[in-house]
Amino acid sequence: MGTSTTSAPTSTPEVDGAVETRGIEPVPDHERRGRVRELFPTWVAANISVLLLTMGASLVINNGLNFWQVLVVAAIASTISFGIVGLLSVSGKWGGAPGAMLSRAAFGVRGNYFPGAILWVARFGWETINAVSGAYAILTVLRLVFGIKPNNVLIVVTLLGFVACTFLVSGMGRKALNVCNKYSTYLFSLISVVVLVYLIVEMPWGAIFAKSPGSGAMMIAGIGTIAAGGLSWVPTGPDFARYLPHSASGKKIVGTTVSGAALVLVPMVVMGGVMAVSNPELANQNTDPMSFLGQVLPSAIAIPYLITALIGMMLINSLSMYSAGFTAQTMGVKLPRALAVSINAAISLIGGLFMMLVAKDFVGQFIAFLTLLAVSFSAWIGVYAIDMLRRRKKAVRYDAESLMNIDRTSRYWYKGGFCWQAMTAWAVALVAGLCFTKVQWFTGPLAGTWIGENGLGWAATILIAAVIFAVLPAAPETPAAAPAPEVDEEPAAVEVG
């Protein structure tokens, strides 16, 4: 990494204990002892969500797709969305810092606050959705095992318990998450095989394969819906790659990310579609997205599957909160990462109570949230991707001290703390993406166009942001002391990005 004449906060050394002490500061080279294969269980765990079953069922019932179309949609959506996650994760090994921190180099020290605020707020919603799903999973298990019917007091207790456990795991940091992800992958794989065997034996496959296909437009829209969840992980990708050495293969990072996610996402979406044929009410579980498992699967399978899914949703939220702590620190919250995570935990608890006790139509709101989430993250993705391409040939891709430096002596101060080219591309793309978007409670003026009707607002947002930022003249970095060359042991021709 390069050095600068500007002083920066002293890095907190990473210790070998269970609790991670490092915050947003870049990881020095001598601590880069991660392995690419460690990313595999991370992205498996990030997709262990029963909501994927409900989304798969929605492809059959709401989009009218058949078995083969659902399979194609799931495969394409996982490849596209987590392919982008993997590609942008490569920047984590370049700079050794979280994505929210590295984006200072793209948007400027002050400019980064604006997309950072959008990403932070979006994480609140994502964590709330997962917390509610986890609480519903607990309630369903209690009903199936003990016959306990949910009430307001029980809802509060289960939601509080889920959020508290999530907070504890995420607060421990990367090493604890890696261990949890590893064993949850084994557990989920085992119980998923049991569920798949049951479905193969019991499902009406004649009716499943006889179902007529849906339209191509509904397939495209379905890809956007399923891909939205993956796109929400893009700014998080560098967070989990920052402990990788510079010599780590970029292609392996992308391949491991896609394969880990697809291993779970594709079968779960397909299983949801298969279940929808035998139980058309699956996609209509508007208030409780978990109770259908007790209807489709026998209790002996549904209970362990729900418990496994509960662990998965807890890990998903832990991964999200882990990165949310970095985002909060990047936004100027003067707290250690573990304490910054507590802000997200408190908000997800409050939002979860509102959704479970007051709001209706959980699944409908979830799809609407995913749609808006994809657009809000896509504007950041387009700018960040072009910034990565421009840094690919630089001797020093990210200056560690300048990333931590928030005054005008930082390389990434640009003009007034803003990279106006990046800010312009981001803002225009975000507004354009919203114009193409249609959800339950919001319809953009361009939602009736081909792009809007096919649910491609997110793709248009990425393209618009990337094109505008690419055609605008590159902003020169603020002059600083010449850094030492960064040594990358991997040949440029082999590395992705």
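Small disclaimer: the values here were computed from a predicted structure and weren't measured.

## Things to note about the overall build of the protein chain
Stage number 1. Along its length, the protein chain carries 20 helices and 2 strands.
Stage number 2. Going through the 497 residues of the protein chain one by one, you find that 59% of them count as buried.
Stage number 3. Taking the intrachain contacts of the protein chain between residues at least 6 apart in sequence as the baseline, contacts between residues at least 24 apart amount to 86%.
Stage number 4. For the protein chain, the accessible area works out to roughly 18,400 Å², and carbon and sulfur atoms hold 70% of it.

## Some remarks on the packing of aromatic side chains
Stage number 1. Following the criterion strictly, the structure yields 11 aromatic pairs and no others.
Stage number 2. For the pair phenylalanine 67 and tryptophan 68, a centre-to-centre distance of 4.9 Å together with 85° between the ring planes defines the contact as edge-to-face.
Stage number 3. Ring pairing ties together the aromatic residues Trp43, Phe82, Trp233 and Phe240, which thus form one cluster.
Stage number 4. Taking NZ or CZ as reference, arginine 390 lies 4.5 Å from the ring centre of phenylalanine 469, over its face.
Stage number 5. Directly above the ring of tryptophan 94 sits arginine 397, whose terminal nitrogen or CZ lies 4.3 Å from the centroid.

## Quick look at the environment of arginine 411
Stage number 1. Here arginine 411 is to be found in the loop between helix H17 (400-404) and helix H18 (420-435).
Stage number 2. For arginine 411, a relative accessible area of 13% puts it in the buried group.
Stage number 3. Each C-alpha atom, one on arginine 411 and one on glutamate 477, is 5.2 Å from the other, the two residues being 66 residues apart in sequence.

## Let's talk about helix H10 (residues 216-231)
Stage number 1. In a regular helix each residue adds 1.5 Å, so 16 residues correspond to 22 Å; H10 covers 22 Å between its end C-alpha atoms and thus fits that length.
Stage number 2. Among the residues making up H10, those that are buried are Met219, Ala221, Gly222, Ile223, Gly224, Ile226, Ala227, Ala228, Gly229, Gly230 and Leu231.

## Concerning the side chain of arginine 391
Stage number 1. On the secondary structure map, arginine 391 appears in helix H16 (residues 362-391).
Stage number 2. Judged by relative accessible area, arginine 391 falls into the buried class, the value being 2%.
Stage number 3. Each residue touching arginine 391, except ones within four places of it in the same chain, is listed here: Trp94, Ala105, Ala106, Arg397, Tyr398, Tyr412, Tyr414 and Glu477.

## Describing the pattern of salt bridges
Stage number 1. With the rule as written, the count across this model stands at 5 salt bridges.
Stage number 2. The closest approach of N and O atoms between glutamate 477 and arginine 391, which form a salt bridge, is 2.9 Å. Pair noted here: glutamate 477 is in the segment after helix H20 (457-471) and arginine 391 is in helix H16, with a separation of 86 residues, a long-range link.
Stage number 3. On the basis of relative accessibility, which here comes to 23%, the residue glutamate 477 falls in the partly exposed class.
Stage number 4. For the salt bridge of aspartate 399 with arginine 411, the shortest nitrogen-to-oxygen distance reads 2.8 Å. In this pair, aspartate 399 sits in the loop between H16 and H17 while arginine 411 sits in the loop between H17 and H18, placing the two residues 12 residues apart along the sequence.
Stage number 5. When salt bridges that share partners are traced, they join Asp387, Arg391, Lys394, Asp399, Arg411 and Glu477 into one network.

## Considerations on the environment of alanine 475
Stage number 1. Looking at the secondary structure, you find alanine 475 in the segment after H20.
Stage number 2. Overall, the relative accessible area of 22% leaves alanine 475 in the partly exposed class.
Stage number 3. Note: C-alpha distance between alanine 475 and alanine 106 (369 residues apart in sequence) is 9.4 Å.
Stage number 4. Those residues in contact with alanine 475, other than ones at most four positions away along the chain, are Tyr414, Cys419 and Gln421.

Conventions we followed
Residues numbered from 1 in each chain as written. Predicted model: local features only at pLDDT ≥ 70, side-chain atom pairs only at ≥ 80, totals over all residues. Heavy atoms only, no water. Helix = DSSP H or I, 4+ residues; strand = E, 2+ residues; numbered from the N terminus. Buried < 20%, exposed > 50% of the residue type's maximum accessible area, 1.4 Å probe, protein only. Contact = heavy atoms within 4.5 Å. Areas by Shrake-Rupley, 256 points an atom, 1.4 Å probe, with all protein chains shown as cover. Phe/Tyr/Trp six-rings, centres within 6.5 Å; stacked < 30°, edge-to-face > 60°. Lys NZ or Arg CZ within 6 Å of the ring centre and 35° of its normal. Expected span 1.5 Å × (residues − 1). Salt bridge = Lys/Arg side-chain N within 4 Å of Asp/Glu carboxyl O.

None of this, on its own, says anything about what the molecule does.
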